[in-house]
Amino acid sequence: MIIDVHAHWGPWFFTMDVAGANLATMDRYGIALSIVSATEAVIYDAPAGNRTLAEWLATSERHLGYVTINPRRQADAERDLREHLPTGRFAGVKIHTDYTRSPVTSPQTREALAMVAEAGVPALVHTWGATVLDLAEVCESTPGLRVIAGHMGADGYPYAIEAANACDRLYLEPCYSHAPAGRVARVAAAVDRTRLLFGTDSTLIDPASAFGAVAAAGLDAETAELVAWRNAVRLFDLDITA
């Protein structure tokens, strides 16, 4: 079984977009469940994208959603969390710090993450380079907050190791548009394996990239199973068994 904790729903403005093949792509790689954010919500209008995603999720048995929030629009964020999380179709919150121009250490993002902690769900937060260290600091200082470092810092994956070892409520997922040799293996060898997740960045990027990177890491069978789905089940409190 495979659970993809970093996926999207809806078309992108990038040429590698594979949105039209979502379910077919999941089937091809054996992905049982994808947790998705609405592309519209991430790059343009969070409330509108969340509403459209909510309508679509009601028709899908193989997707759960992230409520995307813009830290600069606190009132919208509060309303969307109240409206969508109780439906049971949304498993967490998505914050893209770059598109919203809201660094994780900004007062707005700190307040947004405090709201997420109060809601009791995990937050998937975009990280790149050393910003994963900032996420660890904010997580550690926010009681009850659980965060997934999206891309585990991308080219800054050595910082992700430091971040995960500094905060036991920070999880890592590996999707990245490049594939540096040894990246996943190095991280897996250095952090608690119960905090490693699997993410693809589909529909922006074909899942082949993430699958290849994880396969090349040569994880032992037990660790591979934790990464593939068991850690996600526990983090999101999903009613799934093997």
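First, a word on scope: everything that follows refers to the structure included in this document. (Residues numbered from 1 in each chain as written. Predicted model: local features only at pLDDT ≥ 70, side-chain atom pairs only at ≥ 80, totals over all residues. Heavy atoms only, no water.)

1. Examining unusual backbone geometry
Trans peptide bonds make up most of the peptide bonds, and negative phi angles are found at most residues other than glycine.
Inference 1: Looking along the chain, the bond that leaves Ser202 and enters Thr203 is cis, with omega of 15°.
Inference 2: With respect to the helices and strands, Thr203 occurs in the loop between helix H8 (183-190) and helix H9 (208-216).
Inference 3: Even without being glycine, Met152 reaches a positive phi, approximately 35°.
Inference 4: A relative accessible area of 3% places Met152 in the buried class.
Inference 5: Phi is positive for Asp201, which is not a glycine, with a value near 70°.
Inference 6: As for its placement among the helices and strands, Asp201 is situated in the loop between H8 and H9. (Helix = DSSP H or I, 4+ residues; strand = E, 2+ residues; numbered from the N terminus. Buried < 20%, exposed > 50% of the residue type's maximum accessible area, 1.4 Å probe, protein only.)

2. Regarding the pattern of salt bridges
Inference 1: If you walk through the whole model with that rule in mind, you get eight salt bridges.
Inference 2: Arg195 is the salt-bridge partner of Asp192, the closest N and O atoms lying 3.9 Å from each other.
Inference 3: Since its relative accessible area comes to 9%, Arg195 is described here as buried.
Inference 4: Where Arg230 meets Glu225, a salt bridge forms, and the shortest distance between an N and an O atom there is 2.8 Å.
Inference 5: Relative accessible area serves as the criterion here: at 35%, Arg230 is assigned to the partly exposed category.
Inference 6: Under the relative-accessibility criterion, Glu225 is labelled partly exposed at 33%.
Inference 7: Connected via shared salt-bridge partners are Asp76, Arg79 and Asp80. (Salt bridge = Lys/Arg side-chain N within 4 Å of Asp/Glu carboxyl O.)

3. Looking at the packing of helix H6 (residues 131-140) against helix H7 (residues 157-166)
Inference 1: With their axes 8 Å apart at the nearest point, H6 and H7 run at an angle of 10° to one another. Here H7 runs roughly parallel to H6, going by the angle between their axes. Between H6 and H7, the contacting residues are Val132, Leu133, Ala136 and Glu140 on the first element and Tyr159, Ala160, Glu162, Ala163 and Ala166 on the second.
Inference 2: Of the residues assigned to the contact of H6 with H7, the class counts are seven nonpolar, no polar and two charged. (Axes fitted to C-alpha atoms, helices over the stretch in contact; angles between N-to-C directions. Parallel < 35°, antiparallel > 145°, perpendicular 65-115°, else oblique. Contact = heavy atoms within 4.5 Å. Nonpolar A, V, L, I, M, F, W, Y, C, P; charged D, E, K, R; others polar.)

4. Some details on the packing of aromatic side chains
Inference 1: Enumeration according to the criterion identifies five aromatic pairs in this entry.
Inference 2: Ring centres of Tyr66 and Phe236 lie 6.2 Å apart, and the angle between their planes is 65°; on these two criteria the pair is classed as edge-to-face. Of this pair, Tyr66 sits in strand S3 (residues 63-68) while Phe236 sits in helix H10 (residues 221-236), and the two are 170 residues apart along the sequence. An identical accessibility class is assigned to Tyr66 and Phe236; each is buried. (Phe/Tyr/Trp six-rings, centres within 6.5 Å; stacked < 30°, edge-to-face > 60°.)

5. Some thoughts on the pairing of strand S6 (residues 147-150)
Inference 1: The side-chain alternation of S6 yields two buried faces, one formed by Val147 and Ala149 and the other by Ile148 and Gly150.
Inference 2: Inspection of the sheet shows strand S5 (residues 123-126) paired to S6 by four bridges, in the parallel sense. Bridge pairing in S6 places Leu124 opposite Ile148.
Inference 3: After leaving S5, the chain enters H6 and then returns to the sheet as S6, a path that is right-handed.
Inference 4: One crossover worth recording links S6 to the parallel strand S7 (residues 170-172) by way of H7, and it is right-handed. (Pairing = 2+ DSSP bridges. Right-handed = clockwise from strand over helix to strand, strands pointing away.)

6. Some details on the nonpolar core
Inference 1: Residues Ile69, Leu113, Leu170, Leu172 and Phe236 are the most contacted members of the largest nonpolar core, which totals 72 residues.
Inference 2: Broken down by element, this core gets its largest block of residues, seven residues, from H10.
Inference 3: Not counting chain neighbours up to four residues away, the residues in contact with Leu172 comprise Ala149, Met152, Ala160, Ala164, Val187, Val191, Arg195, Leu196 and Leu197. (Core = buried A, V, L, I, M, F, W, Y, C linked by side-chain atoms within 4.5 Å.)

Just distances and angles here, no functional claims.
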